[in-house]
Each structure stands twice: as structure tokens, then as C-alpha cells.
Amino acid sequence: MAEAVDLSGVHRELDALKRVLCHCQLQGECLGCKGVEMVRQQLEAVVSAASQPVLLQVAQETAAREMLAQFSQMQARLMDDPQMREAAEAVRQRLLDDPEARRLIEDLMRRLGGEQGGSGSEPE
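Residues numbered from 1 in each chain as written. Predicted model: local features only at pLDDT ≥ 70, side-chain atom pairs only at ≥ 80, totals over all residues. Heavy atoms only, no water.

Asker: Describe the environment of S51, with residues and values.
Answerer: Along the chain, S51 turns up in the loop between α2 (31-50) and α3 (53-79). For the pair S51 and E3, spaced 48 residues apart in sequence, the C-alpha to C-alpha distance is 7.4 Å. (Helix = DSSP H or I, 4+ residues; strand = E, 2+ residues; numbered from the N terminus.)

Asker: Can you break down the packing of helix α4 (residues 82-97) against helix α5 (residues 99-111) residue by residue, with the values?
Answerer: Running from N to C, α4 and α5 cross one another at 105 degrees; their axes reach a closest spacing of 5 Å. One way to sum up the angle between α4 and α5 is to call them roughly perpendicular. Contacts between α4 and α5 pair L95, L96 and D97 from the former with P99, A101, R102 and I105 from the latter. Per-class residue counts for the contact of α4 with α5 are five nonpolar, no polar and two charged. (Axes fitted to C-alpha atoms, helices over the stretch in contact; angles between N-to-C directions. Parallel < 35°, antiparallel > 145°, perpendicular 65-115°, else oblique. Contact = heavy atoms within 4.5 Å. Nonpolar A, V, L, I, M, F, W, Y, C, P; charged D, E, K, R; others polar.)

Asker: Tell me about the packing of helix α1 (residues 8-21) against α2, residues and numbers included.
Answerer: Axes are the key here: two packed helices are described by the angle between their axes and the distance separating the axes. Running from N to C, α1 and α2 cross one another at 165 degrees; their axes reach a closest spacing of 8 Å. By the criterion of interaxial angle, the relationship of α1 to α2 is roughly antiparallel. α1 and α2 meet at a crossing whose hand is right-handed. Contacts between α1 and α2 involve V10, H11, L14, D15, L17, K18 and L21 from the former and G32, C33, V36, E37, V39, R40, L43 and E44 from the latter. Within the contact of α1 with α2, the residues separate by chemical class into eight nonpolar, two polar and five charged. (Left-handed = near helix turned anticlockwise from the far one by under 90°.)

Asker: How would you sum up the state of the cysteines? Please name residues and give values.
Answerer: Under the definition given, this model contains zero disulfides. Here C24 is not cross-linked by a disulfide; its sulfur's nearest cysteine counterpart is in C22, at 3.7 Å. The closest cysteine sulfur to the non-disulfide-bonded C33 is located on C22, 3.5 Å from its own sulfur. (Disulfide = S-S within 2.5 Å.)

Read these as spatial facts, not as claims about activity.
Here it is as C-alpha cells:
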């Protein structure tokens, strides 16, 4: 669990700002009061979200999975075209013939979880 963030100083400053901007005797009806309260709520939401690293990690993993799914769909559509399939095979072969490019591709595939999206025909 993330460590709690002390916002008391920020709240104290927001209260002071609210007193300066207020035109409704702190009834919460004027634009000054409403604006300061909006900023207070946004601040609390940001601090709450930032103190939840697991949520950020889950969001990043979800985005990565969605991107991989989109790439897989795009690859499937492209591979339905025989000319595109031949061109892709030629590019693949040129990349695998370059030792540095091959190492980078293998490293990327390991990071992505192995055979996801790969043809499985690359020599080890």
C-alpha cells in the first residue's frame, strides 16, 4: 500500500485563497468558492490516483494488450494479400540476416511474452 500523502498544507492554502476570492461570505455560491473547491477535488483525485501504482500498472498492461490485439488484426488483414505476404517475408528475412536486428527482435519478443504475434518459424 502506498504511503499516505499529507495534504493539510495544500488545504490550508486553498482555504486562504478561497477567503481572498470569495464574494458570498464563504457560502459556496460564488465562482471563487466553486473554483477553489473544484481545484481541491482535482488535487485529491490526482493524489489518490498517483498513490495507486498498481492501477497505473494495470492500465499500462491493458493498453499494451489492446495495442498487440490491434497489431495482430492488422497483420491478419495484411497477410490475406499474397503480395503483402511476400513483401513481409522478404523484410523478415533481411532483418534476420542482420545479427543486431535479429538480437533486438528476439529481445522484443521475449519482453512481449514469447511467441505472441510471431510466426514461430525463426531459427533459434
